Amino acid sequence: MKFSYLNSGHEMPMLGLGTYKITEKEEMFKVFKYALECGYRAFDTAQMYGNEEIIGETLEELLPKFNLKRADVFITSKLMTDQHGDKAAAAIDETLRKLRTDYIDLFLIHWPYVDGLERSDLKNGEIRASSWKFLEKACIAGKIKSIGVSNYTIKHLDEMLKDGSPYKARIRPAIDQVEFHPYLYQKEMLDYCDENGMTLEGYSPLGSPKSKDILEEEVIKNLAKKYSKQPAQIVLRWEIQHDVIVIPKSANPERIKANIEVFDFSLSPAEMESINALNKNKHYASDPVDIA
Ligand SMILES: NC(=O)c1ccc[n+]([C@@H]2O[C@H](COP(=O)([O-])OP(=O)(O)OC[C@H]3O[C@@H](n4cnc5c(N)ncnc54)[C@H](OP(=O)(O)O)[C@@H]3O)[C@@H](O)[C@H]2O)c1
């Protein structure tokens, strides 16, 4: 496993397991057991996924069986869009309770919009800035090791980072978790994170359940043949070589195993370029560009 060194001073595995849509305890247990056996040590959840509680129970049962401690795994969760502002402090405590832990490794603001407001409403900026203050406080109190954001565009990040902004952050976000795959090669965001000491994390790294087309691209299939790998492994490798942390979701044992076997080969600069060229600026999730 490769690690990313976050601006918070903590290390984060470059590859973790996505858990969106896994909501049954029995399935979660099987998936985590297999993932831990395969070497996964990072897990991505969110208040919105409704599975924090079963992840807490699962890890409590499984870690001792693997001779692992809480510190051996990296857990990410995210603030739900209806928990912004004053509700954020209690929402963080609720995540701690559900995950059965006294700290969260990484906690993100899930979306830059606030439930109940129009996406274009300027109040979104003021309220998400107040949520950030609660994340900062929880971080200082040791309840969260690293804090970050998700689905933030450069405009939203500028608000937190630029001198003179009324919403300037005291603690710089460690991570922006955004949709990232060969049809959405977010080069500008990647450069921005690099210039501002942040790390980019890519969700839906395989194009989400909605696109199998990426894995059918000739460029990807030819590279898979060349390296005796699967198309998904080529795509994940491309992301990791761009220093993007990836969290592919699978509930299938063969695919869970395949998705982590991406550290034993590398793509050449020309091969990286050939995948970069597949970009279509295509979002499968909602594009946050219209959020004020
Ligand atoms: N911050 C956000 O707003 C946000 C939004 C979306 C997702 N996320 C996070 O990112 C994680 C991953 O994103 P995602 O679930 O949208 O999409 P993804 O990981 O890109 O794709 C998941 C889909 O690909 C399939 N798959 C997995 N491995 C495969 C392989 N090796 N070959 C072929 N197909 C494969 C899975 O099916 P099987 O399960 O049947 O293998 C599933 O249908 C989520 O689980 C969640 O933790 C965050």
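Please read all numbers here as calculations on a predicted model, not as lab measurements.

Q: Sorry if this is basic, but what is going on with the sheet that holds strand E8 (residues 175-179) here?
A: Strand pairing in a sheet relies on backbone hydrogen bonds. The paired strands run either parallel or antiparallel. Spatial strand order, E3-E4-E5-E6-E7-E8-E9-E10: 8 strands in an open sheet with parallel pairing. Only two strands of the sheet have a single neighbouring strand rather than two, namely strand E3 (17-18) and strand E10 (245-246). Looking at chain direction, strand E9 (residues 199-203) and E10 are connected through 2 bridges and run parallel. Note that in E10 the partner of Glu201 across the bridge is Ile245. On the sheet, helix H4 (residues 123-140) packs against strand E5 (74-79), strand E6 (104-109) and strand E7 (144-150) and is oriented at approximately 160 degrees with respect to E7.

Q: Would you mind showing me how to read the pairing of E7 here?
A: Where a strand is regular, its side chains alternate between the two sheet faces. Counting buried positions along E7 gives 6 out of 7 residues, so the element sits mostly inside the fold. Pairing of E6 with E7, which is carried by 5 bridges, proceeds in the parallel orientation. Residue Phe107 lies in a different strand from E7, and its bridge partner there is Ile147. Crossover E6 to E7 through H4 is right-handed.

Q: In this structure, what is going on with the site of the ligand? I would like to understand it.
A: Near the ligand you find 28 residues, and of these Gly18, Tyr20, Pro209, Ala232 and Lys249 are the closest. Here the residues of the shell around the ligand sort into 12 nonpolar, 13 polar and 3 charged.

Q: Looking at this structure, how should I read the environment of Asp176?
A: Assignment of secondary structure puts Asp176 in strand E8. Asp176 sits in the buried class, given 25 other C-beta atoms within 10 Å. Sequence spacing of Asp176 and Asp115 is 61 residues, and the spatial spacing of their C-alpha atoms is 20 Å. Apart from residues lying up to four places away in sequence, Asp176 is in contact with Gly148, Val149, Ser150, Tyr152, Leu157, Cys193, Met198 and Leu200.

Q: Help me understand the nonpolar core in this model?
A: In summary, soluble globular proteins display a tendency toward joint burial of nonpolar side chains. Grouped together as the largest cluster of nonpolar side chains are 71 residues, with contacts concentrated most on Ala35, Phe107, Leu135, Ile144, Val235, Ile240 and Val246. Examining the composition of this core, we find that 6 residues originate from one element, helix H9 (residues 231-241), more than from any other. Filtering out sequence-adjacent residues up to four positions away, Ile240 remains in contact with Lys2, Met14, Leu15, Val246 and Val262.

Q: When you look at the pairing of E8 in this model, what are you seeing that I'm missing?
A: Among the 5 residues that make up E8, 5 are buried, leaving the element largely enclosed by the rest of the structure. For E7 and E8, the ladder comprises 2 bridges, and the chain directions are parallel. Bridge pairing in E8 places Ser150 opposite Gln177. Inspection of the sheet shows E8 paired to E9 by 5 bridges, in the parallel sense. Counted as the bridge partner of Val178 is Gly202 from E9.

Thresholds applied
- Residues numbered from 1 in each chain as written.
- Predicted model: local features only at pLDDT ≥ 70, side-chain atom pairs only at ≥ 80, totals over all residues.
- Pairing = 2+ DSSP bridges.
- Helix = DSSP H or I, 4+ residues; strand = E, 2+ residues; numbered from the N terminus.
- Contact = placed C-beta atoms within 7 Å.
- Axes fitted to C-alpha atoms, helices over the stretch in contact; angles between N-to-C directions.
- Buried ≥ 20, exposed ≤ 12 C-beta atoms within 10 Å, placed from the backbone.
- Right-handed = clockwise from strand over helix to strand, strands pointing away.
- Near = placed C-beta within 6 Å.
- Nonpolar A, V, L, I, M, F, W, Y, C, P; charged D, E, K, R; others polar.
- Core = buried A, V, L, I, M, F, W, Y, C linked by C-beta atoms within 7 Å.

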